[in-house]
Amino acid sequence: MPTPSHDALIPRMNDPLAEPDAGATLPPAAGIYEDALHQARELNQRCFSAATHAAIERQHQKGRMTVFERIRALTREEPEYLFTNWGPNLDGASLVTAILRIGGRDVACYGHDFTVRAGSMDATNGEKLARLFRLAAKQGIPLIGMNDSAGAFVPAGVGGLDGYADAFTALRKISGVVPSIMCMFGFNAGGGSYLPRQGSFMIQPHDTFFGLTGPGVVRSVLGEDVTADDLGGPKVHSASGVVDLAVVDEVSALRTATRLLSYIPDNNRSLAPYQPTSDPIARPTGEIDTLLRSALDSPTGMNTPIDVSIVIQQLCDHGDYFELQPTRARNTITAFGRIGGHVVGFVANNSAVASGQIDIHAAYKNARFIRFCNLYNIPVVFMEDTTGFLPGREQETAGIVQAGRAMLDAIVDLRTPRILVLLRNAFGGAYASFNNYNTGADLVLALPTTRVAVMGNAGKEFVYKKELRALRAEMPGRVAELKQAHVKTGMDEGEAAEQAESEVQAWMKQQEARFNQRYERELMNPREALSLGSISRIVMPTELRGALGKWIDLFMRRYEPSPMASVQREFF
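Notes on the structure in this doc start here. (Residues numbered from 1 in each chain as written. Predicted model: local features only at pLDDT ≥ 70, side-chain atom pairs only at ≥ 80, totals over all residues. Heavy atoms only, no water.)

## Overview of unusual backbone geometry
Across residues other than glycine, the phi torsion is negative in most instances, and most of the peptide bonds are trans. At alanine 118, a position not held by glycine, the phi torsion is positive, near 55°. Turning to its location among the elements, alanine 118 is positioned in the loop between β3 (105-112) and α4 (123-139). By relative accessible area, alanine 118 is classed as partly exposed at 24%. The backbone phi angle of alanine 329 is positive, close to 45°, even though this residue is not glycine. Note on placement: alanine 329 falls in the loop between β10 (321-324) and β11 (332-339). (Helix = DSSP H or I, 4+ residues; strand = E, 2+ residues; numbered from the N terminus. Buried < 20%, exposed > 50% of the residue type's maximum accessible area, 1.4 Å probe, protein only.)

## Digging into the packing of aromatic side chains
Considering all chains together, one arrives at 13 aromatic pairs under this definition. On the basis of an interplanar angle of 45° and a centroid distance of 6.0 Å, the ring pair of tyrosine 263 and phenylalanine 322 is categorised as tilted. Residue tyrosine 263 is located in the loop between α10 (250-261) and α11 (286-296), and its partner phenylalanine 322 is located in strand β10; the two are separated by 59 residues in the primary sequence. Among the residues examined, phenylalanine 322 registers a relative accessible area of 3% and is labelled buried. Look at phenylalanine 336 and phenylalanine 369: their rings are 5.1 Å apart centre to centre, the planes differ by 45°, and that puts the pair in the tilted class. Of this pair, phenylalanine 336 sits in strand β11 while phenylalanine 369 sits in helix α13 (residues 360-375), and the two are 33 residues apart along the sequence. Here phenylalanine 336 matches phenylalanine 369 in class, with each residue buried. One aromatic cluster is present, formed by Phe201, Tyr263, Phe322, Phe336, Phe369, Phe372 and Tyr376 through successive ring pairs. Above the plane of the ring of phenylalanine 153 lies arginine 117, whose end atom (NZ or CZ) is 3.9 Å from the centre. (Phe/Tyr/Trp six-rings, centres within 6.5 Å; stacked < 30°, edge-to-face > 60°. Lys NZ or Arg CZ within 6 Å of the ring centre and 35° of its normal.)

## What to know about the sheet that holds strand β7 (residues 201-205)
Strand order in the open sheet formed by 7 strands is β1-β2-β3-β4-β5-β7-β9, and the pairing between neighbours is mixed. The open sheet is flanked by β1 (80-82) and β9 (245-247), the only strands paired with a single partner. With strand direction ignored, the average angle separating the axes of adjacent strands in the sheet is 20°. Note that strand β4 (residues 143-147) and strand β5 (residues 180-184) share 5 bridges and pair parallel. Each residue of the ladder has a partner; that of glycine 145, found in β5, is methionine 182. (Pairing = 2+ DSSP bridges. Axes fitted to C-alpha atoms, helices over the stretch in contact; angles between N-to-C directions.)

## As for the environment of isoleucine 144
Mapped onto the elements, isoleucine 144 comes out in strand β4. Separated by 286 residues in the primary sequence, isoleucine 144 and alanine 430 have C-alpha atoms spaced 36 Å apart. Every residue in contact with isoleucine 144, bar those within four places of it in the chain, is listed here: Leu74, Ile102, Val107, Ala108, Cys109, Tyr110 and Ile181. (Contact = heavy atoms within 4.5 Å.)

## With respect to the pairing of β5
Of all 5 residues in β5, 5 are buried, a share of seventy percent or more. In β5, alternate side chains face the same way, and those of Ser180, Met182 and Met184 on one face and Ile181 and Cys183 on the other are all buried. One crossover worth recording links β4 to the parallel β5 by way of helix α5 (residues 158-174), and it is right-handed. Two elements, β5 and β7, share 3 bridges in a ladder whose sense is parallel. Of the residues in β7, the one forming a bridge with cysteine 183 is isoleucine 203. (Right-handed = clockwise from strand over helix to strand, strands pointing away.)

Keep in mind that these numbers describe shape and distance, not what the molecule does.
If you want it as structure tokens, here you go:
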């Protein structure tokens, strides 16, 4: 049989079985279709091969990964890259966007490619980011950002600023719809700082910088000589609260991001991931009992500092919890944990630092965390052990009233299930604003060590005013009697007066100590609050996890996750 000619193999759109025309010609050797495929493959690969080997080597010499290496550190599954555009002026190539699978969940992700045009932004990049943000909101998936950018691309002119404005607007509009975690890598300035701070959480490794401007600009404009670390390093931003977590290196940042992701929901219509646990709900928390016993039976008694992180650790499944802003305002602790598999937010006064008093930094730290839990359907457990708000000129000048109001507003607005546990001290305005029944608590529990009152021991001055006044009125007469007695023993008059004064002062301190004990016995205890219904029940320290676990399980069985729909009130 003769071999068919090439002409015979050319398909015909009108009749594939018809004989070839006499004038039929061969297609180009590669073929139009093959050319199209070749160009498509080349275009798809351009975003992965835009960086030169020298640029990649420079990135590695700085101890930094490329954007694609960072993505691989987040997930082992194949990413789905979006918008692999690469224009004639590298438009869009300095930013990579993708959808990842992390822990079985879809996650939107972007990262600046510093090996291409220093990760700078132009109008194309801004639109690219905005589309990713809108896609994340529409699909209801969380976002991870890997920021490593020199800022706006100067040769792009106003286009670079337009790009940032696009991204700013889109990220703000998805805030409260889907949560976002921002990792800071390399050296970021200007818009490269503002954009990630619009996210829910920020993570910054050592040897990185972000800020309004770099040290060079500060030196030339203000004449101030400052290092990048002292201007915008993690020690600065973690202390101010701009950064939620400071870590050692890039790998730690990415691992921390994936761990934090396991505690937060996909969006404002869902719950945080539930994890079944082998840790029994009714596990006795004997360590809490030991902690309180050793503290309160010490010489300083009720004034002994207690590290509340030990209590949180005992309450959580297998003792595992995730603290946010751990180096800032340690007089309060904000953390995610699980009780009976349910994610819970903890807001706890920490009397181990400054008696747990609420200052400006603590108030804002609490307010921000509470608002996140409110947006994303996370129940909150408050644990109170504070003598009140921190007074003083410095705090008043800096705005403690405004900060306290921000915290109170966040608590009043909280719509998710919330429980208050009174550990020990709950005085004055701190009690009145810290999630009691009157501010919306679903349940208030108290340990036997609870002391609830308008104020601490100073309250005796008001409750026993007449008796204390009478005792103080006796003091001059007692001094005179003791002075005469000492003179009769041959003591010099001046020395006798000093001795008498000292003895009477010691006597008065003993009397005041007795009134303090009486005040604590009669008023600074949970009995009155229990009788008035301000407390639902007293729980033994060994039974605290069991009590909380049962109530949280009940509340979460009945809670319907949804976006916030109430009136949006004014807040700072």
